[in-house]
Amino acid sequence: MKNSVIPSRITEAREACALSMGDLAERIGVTRQSVSKYEKGIMNPSPGILQSISFVLQFPVDFFYKDETGISMEKSPLFFRSNSNVSKKVKTACKHQVKWVCETRKHLERYVKFVDQNLLMEERNHEELQDIDIEEIALSVRKKWGLADSPVGDLIGVLENQGIIVAQFSDNEFCSFKGIDAYSSWYDDIPYIIYNSVQKSAVRTRFSIAHELGHLILHSSISEKDAVKKEVVDFADMQADRFASAFLLPATSFPKDVRGTSLAYLEIVKKKWGAAMSTIIRRCETLNLLTDNQIGYLKRQMTTNKYWRNEPLDEVIQIEPPEILRDAVYLLIENDIITRHTFLDLCALPPKDLQFICSLPDGFFDSSMQKQKPVLRVVKCG
């Protein structure tokens, strides 16, 4: 462990918990000015104070000595699929989480060759794109990835096979990230999507992930400065929604399955295409597959049955978790290249966060939970 605390890591841990300097100061028994000096590098926290910071924020002490990897949060804006009332400090906490995913990938790629990203990037100004353009882009992406006109089954698996790093984000004692479904960003030419695995049904999570895919493809040229402007965000979100619908429910094949106008029939379509009934209704409206009266009838039935929040099959349809980072971890452990604890020490993150980032099971880093199985071999009997 190095002798000097990295000041930016104190800021990072605090902001990841969505706490102000005053909040942290009160919890560790110092002044706000002292915390400010720690974070500016003017003064090093004493070992006792550092232990207090570690305990309150639930970060290992090693985290505060970990060198910065050169990854800047300012290189690419984050796009969020979220409620508009999510606070700035919560969005800042999200930025740190995607940074940790990027750092974890960098640790793993010392030993593992990951899939090169294979996104079809849209080079035109997003403001010039019409709805028909976005439909065509979505179809082009499906064609490039060999999806043809079929439903996308394992959406996360499809994205990982195209070099997109997908991870789940973890809440903490101070920040639940309520209202944020997913967010995305580019770092060092690698696309990242982070999603909330616990707040929504699988079909809504799939749409949120596809929405973020739309941002990655359509909006990578939007600057950090412009990405916080409401008019820019609203327009980009509208385009990402259109892309997600076109990607999950392609205009070249989905309309063939619209043969009825009952909720029972929508359940059948939902099961095949992995999209919410509400999304299917909007898609039918967008593509003019049903009359205004038919759309109105379905919406009234959705309201009557209270389906706008909880739909049939929500508990049945599941989404497969990300695998690429998890498989890399297991590959290195099974080949005796690293151990669980050397990996944990290398990343210097809270175990819970690292488990979410890599989709590892609960207790993965708890030695008391690890089974020790004897090695058996087949022997040839006479």
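All residue numbers here refer to positions counted from 1 along the written sequence of the relevant chain. Totals for whole chains, interfaces and linings use all residues, but because this is a predicted model, local features are given only for residues with pLDDT of at least 70 and pairs of side-chain atoms are given and counted only at 80 or more. Here the side-chain values reflect all heavy atoms present in the structure, with hydrogen atoms and water set aside.

Here the focus is the pattern of salt bridges. What counts as a salt bridge is simple: a side-chain nitrogen of Lys or Arg found within 4 Å of a carboxyl oxygen of Asp or Glu. Inspection of the entire model under this criterion finds 26 salt bridges. With its nearest N and O atoms 3.1 Å apart, the salt bridge here joins E12 to R9. On the criterion of helical spacing, the pair formed by E12 and R9 is a turn pair, its members being 3 residues apart in helix α1 (residues 7–16). Exposure class is identical for E12 and R9. Each is buried. In this structure, the salt-bridge partner of D234 is K230, at a minimum N-O distance of 2.6 Å. Of this pair, D234 and K230 are both found in helix α9 (residues 230–248), 4 residues apart, which corresponds to roughly one turn of the helix. Overlapping salt bridges bring together R9, E12, K66, E68, K99 and E103 as one network. Numbered from the N terminus, helices here are DSSP runs of H or I no shorter than four residues, and strands are runs of E no shorter than two. A 1.4 Å probe rolled over the protein chains alone gives each residue an accessible area, and that area as a share of the maximum for its type sets the label: buried under 20%, exposed over 50%, partly exposed in between.

Turning our attention to the state of the cysteines. Here, a disulfide means two cysteine sulfur atoms that sit within 2.5 Å of each other. Tallied over the entire structure, the rule returns 0 disulfides. Free of any disulfide, C102 has its nearest cysteine sulfur in C347, 12 Å distant.

Turning our attention to unusual backbone geometry. Backbone geometry places Q58, a non-glycine residue, at a positive phi of 65 degrees. Along the polypeptide, Q58 turns up in the loop between α4 (47–57) and β1 (79–82). We note that A148 has phi near 50 degrees; this positive angle belongs to a residue other than glycine. Locating A148 in the fold gives a position in the loop between α6 (131–144) and α7 (155–160).

Another point: the packing of aromatic side chains. The criterion for an aromatic pair is that two Phe, Tyr or Trp rings (for Trp, the six-membered ring) have centres within 6.5 Å, with stacked assigned to planes under 30 degrees apart, edge-to-face to planes over 60 apart and tilted to the rest. Under the criterion given, the structure shown has 13 aromatic pairs. Arranged with centres 4.8 Å apart and planes meeting at 50 degrees, the rings of F59 and F63 form a pair that is tilted. With a relative accessible area of 0%, F63 lands in the buried category. On the basis of an interplanar angle of 85 degrees and a centroid distance of 6.1 Å, the ring pair of F254 and W273 is categorised as edge-to-face. One end of the pair, F254, is in the loop between α9 and α10 (263–273); the other, W273, is in helix α10, with 19 residues separating them in the sequence. For the residue pair F254 and W273, the accessibility class agrees, reading buried in each case. Ring-pair connections join several aromatic residues into one group, and the members of that group are F59, F63, F64 and W100. Two thresholds decide whether a charge sits over a ring: the Lys NZ or Arg CZ must be within 6 Å of the ring centre and within 35 degrees of the ring normal. Over the aromatic face of F63 sits the side chain of R9, whose NZ or CZ is 5.2 Å from the ring centroid. Between R340 and the ring centre of F364, over which it is positioned, the NZ or CZ distance is 4.2 Å.

In contact at an axis separation of 10 Å, helix α11 (residues 277–286) and helix α12 (residues 292–304) are set at 165 degrees when each is read in the N-to-C sense. Looking at the two axes, α11 sits roughly antiparallel to α12. Classified by chirality, the crossing of α12 by α11 is left-handed. Contact residues: α11 offers M277, S278, I281, C284 and E285, while α12 offers I295, L298, K299 and M302. Note on geometry: axes are C-alpha line fits, over the in-contact stretch for helices, and angles between N-to-C directions span 0 to 180 degrees. Each angle receives one of four descriptions, namely roughly parallel if under 35 degrees, roughly antiparallel if over 145, roughly perpendicular if within 65 to 115, and oblique otherwise. Left-handed is the label given to a crossing in which the near helix is rotated counterclockwise from the far helix by less than a right angle, and right-handed is the label when the rotation is clockwise. Contact definition: two residues touch when any of their heavy atoms are within 4.5 Å.

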